[in-house]
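Single-letter residue listing:
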Amino acid sequence: PRTDEKIAADAAALLKVQLDFWLTYLNSRDAGSENTTRPLQGRTGGWGYMSGGRFKLQDDEALVITIDPLSAAYFGFQLNDDWMTPPDYINHLAGVSRAQAKPNSDGTYTYVISVRDPGVWNWVDPVGLHEGGYVLRWQRMGDPKAPVDKAVRQTDLVKLADLKTVLPANTVWVDAAGRRAQIANRVKAFWKRLEN
């Protein structure tokens with residue numbers, strides 16, 4: 001068993017690592033211009049990567065982000081406010097994991113952030129926020145030599161009216177009933193996880 005002194009020393013060391021990471025992450029997120037995605041940053045311990053940026057949208061705009069999951073067993077996309085607090089992710093699509101998203105035919109994933117529902121399966125809902133942050137995570141990398149510089153393929157700010165012109169041909173679209181079913185399944189899966 002560890003002594004109280006050893007536990008305190010371990011906690012202080014971990015706190016320093018976490019503070020260094022988050023200060024670097026937040027400062028780099030805010031350093032770039034809005035509606036751009038920054039390059040990947042390695043996670044402490046070498047178990048994955050993070051990227052992200054800031055979105056700032058009008059009601060008639062969408063931010064379209066295409067990524068390559070590389071060899072990650074897990075990939076996730078999450079929105080947050082300036083304090084890194086996510087909007088309601090249980091009843092809204094404010095965060096989408098790889099398992100919940102639909103891939104493009106080439107294995108990449110294209111996500112759409114917009115205040116209004118664009119009818120795209122891979123919509124990431126800011127739940128009324130017109131500006132905030134987004135975080136992308138690649139975890140449990142299968143290939144340590146994966147080309148991380150190619151993970152973020154493209155980020156485009158477009159008008160919602162022009163969305164179909166920039167999305168891949170095989171984009172999965174949903175109507176209002178389909179969206180309700182998607183969210184109902186999400187809520188059900190969330191509560192099922194808590195039961196286990």
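Everything that follows concerns the structure shown earlier in this document.
Residues numbered from 1 in each chain as written. Predicted model: local features only at pLDDT ≥ 70, side-chain atom pairs only at ≥ 80, totals over all residues. Heavy atoms only, no water.

**Comments concerning the sheet that holds strand S4 (residues 61–67)**
Picture the strands of a sheet paired through backbone hydrogen bonds; they go either parallel or antiparallel.
Thought 1: Strand order in the open sheet formed by four strands is S8-S7-S4-S10, with mixed pairing between adjacent strands. Either end of the sheet is taken by a strand with one partner, and the two such strands are strand S8 (123–124) and strand S10 (152–159).
Thought 2: Of the pairings in the sheet, the one linking S4 to strand S7 (residues 109–113) comprises five bridges and is antiparallel in character. Residue pairing for S7: Leu63 is matched across the bridge by Ile113. (Pairing = 2+ DSSP bridges. Helix = DSSP H or I, 4+ residues; strand = E, 2+ residues; numbered from the N terminus.)

**Brief notes about the layout of surface pockets**
Thought 1: In this structure, the largest pocket occupies an estimated 300 Å³ of space.
Thought 2: For the largest pocket, the lining is made up of 18 residues, of which Tyr89, Gly95, Val96, Gln100 and Arg186 are closest to its centre.
Thought 3: Mapped onto the lining of the largest pocket, the elements with two or more residues apiece are strand S5 (72–80), strand S6 (95–97) and helix H3 (176–195).
Thought 4: The element contributing the most residues to the lining of the largest pocket is S5, with five residues.
Thought 5: Among the residues making up the lining of the largest pocket, the classes are represented as ten nonpolar, five polar and three charged.
Thought 6: Residue lining of the second largest pocket: 13 residues in total, with Thr66, Thr110, Gln154, Val166 and Pro168 positioned closest to the centre.
Thought 7: Those elements that place two or more of their residues in the lining of the second largest pocket are S4 and S10.
Thought 8: Looking at the lining of the second largest pocket, the element that brings in the most residues is S10, giving three residues.
Thought 9: Each residue belonging to the lining of the second largest pocket can be placed in one class, and the counts come to three nonpolar, seven polar and three charged. (1 Å grid on protein atoms, 1.4 Å probe; cavity = no way out; pocket = protein on both sides within 12 Å on 5 of 7 lines; lining within 4 Å. Points joined across faces, edges and corners; volume = space filled by probe spheres on them. Nonpolar A, V, L, I, M, F, W, Y, C, P; charged D, E, K, R; others polar.)

**Quick word on H3**
Note that an α-helix has 3.6 residues per turn; residues three or four places apart therefore point the same way.
Thought 1: The terminal C-alpha atoms of H3, which comprises 20 residues, lie 29 Å apart, in line with the 28 Å expected from a rise of 1.5 Å per residue.
Thought 2: Arg179, Gln182, Arg186, Val187 and Phe190 are the residues of H3 that are buried. Around the axis of H3, the buried residues are gathered within 135 degrees of arc, so they sit on the same side. For H3, the exposed residues set more than 90 degrees away from the buried face come down to Arg180, Asn185, Lys188, Lys192 and Glu195.
Thought 3: In this structure, the buried side of H3 is in contact with S6 and S8.
Thought 4: Here H3 starts with a cap whose side-chain oxygen sits 3.3 Å from the backbone nitrogen of Ala177, and that cap is Asp175. (Expected span 1.5 Å × (residues − 1). Buried < 20%, exposed > 50% of the residue type's maximum accessible area, 1.4 Å probe, protein only. Arc of directions from axis to C-beta. Contact = heavy atoms within 4.5 Å. Polar contact = N/O pair within 3.5 Å; in protein donor to acceptor, adjacent residues only side chain to side chain.)

**Digging into a nonpolar patch on the surface**
Thought 1: A contiguous nonpolar patch, built from Leu15, Leu19 and Leu23 and spanning about 300 Å² of accessible area, is present on the exposed surface.
Thought 2: With respect to the element layout, Leu19 can be found in helix H1 (residues 4–31).
Thought 3: Exposure remark for Leu19: the relative accessible area of 47% places this residue in the partly exposed category. (Patch = residues over 30% accessible without salt bridge, like charges linked within 9 Å, V, L, I, M, F, W, Y side chains within 5 Å. Areas by Shrake-Rupley, 256 points an atom, 1.4 Å probe, with all protein chains shown as cover. Salt bridge = Lys/Arg side-chain N within 4 Å of Asp/Glu carboxyl O.)

**Points about the nonpolar core**
Generally speaking, nonpolar side chains in soluble globular proteins are found buried as a group.
Thought 1: Grouped together as the largest cluster of nonpolar side chains are 22 residues, with contacts concentrated most on Ile67, Phe77, Tyr111, Ile113, Tyr134 and Trp138.
Thought 2: Here this core gets four residues from one element, more than from any other, and that element is S5.
Thought 3: Filtering out sequence-adjacent residues up to four positions away, Tyr111 remains in contact with Leu63, Val64, Ile65, Ile67, Phe75, Phe77, Val96, Ala101, Asn122 and Val124.
Thought 4: Of all hydrophobic cores here, the second largest spans eight residues; its members include Val112, Leu160, Leu163 and Leu167. (Core = buried A, V, L, I, M, F, W, Y, C linked by side-chain atoms within 4.5 Å.)

**Looking at the pattern of salt bridges**
Thought 1: Going through the model one piece at a time under the given rule, you end up with eight salt bridges.
Thought 2: Across the salt bridge formed by Glu61 and Lys159, the nearest N and O atoms sit 4.0 Å from each other. Linking Glu61 in strand S4 with Lys159 in strand S10, this pair joins segments that are 98 residues apart in sequence.
Thought 3: Residue class for Glu61 comes out buried when judged on its relative accessible area of 13%.
Thought 4: In this structure, Arg153 engages Asp68 in a salt bridge whose closest nitrogen and oxygen atoms are separated by 2.6 Å. Here Asp68 lies in the loop between S4 and S5 and Arg153 lies in strand S10, a separation of 85 residues in the sequence.
Thought 5: Taken together, the shared-partner salt bridges in this structure form one network comprising Arg2, Lys6 and Asp10.

**Things to note about empty space enclosed by the protein**
Thought 1: Under the counting rule described, the total for this entry stands at one cavity of 30 Å³ or more.
Thought 2: If you add up the space inside the largest cavity, you get close to 70 Å³.
Thought 3: In the lining of the largest cavity, the residues fall into six nonpolar, five polar and one charged.

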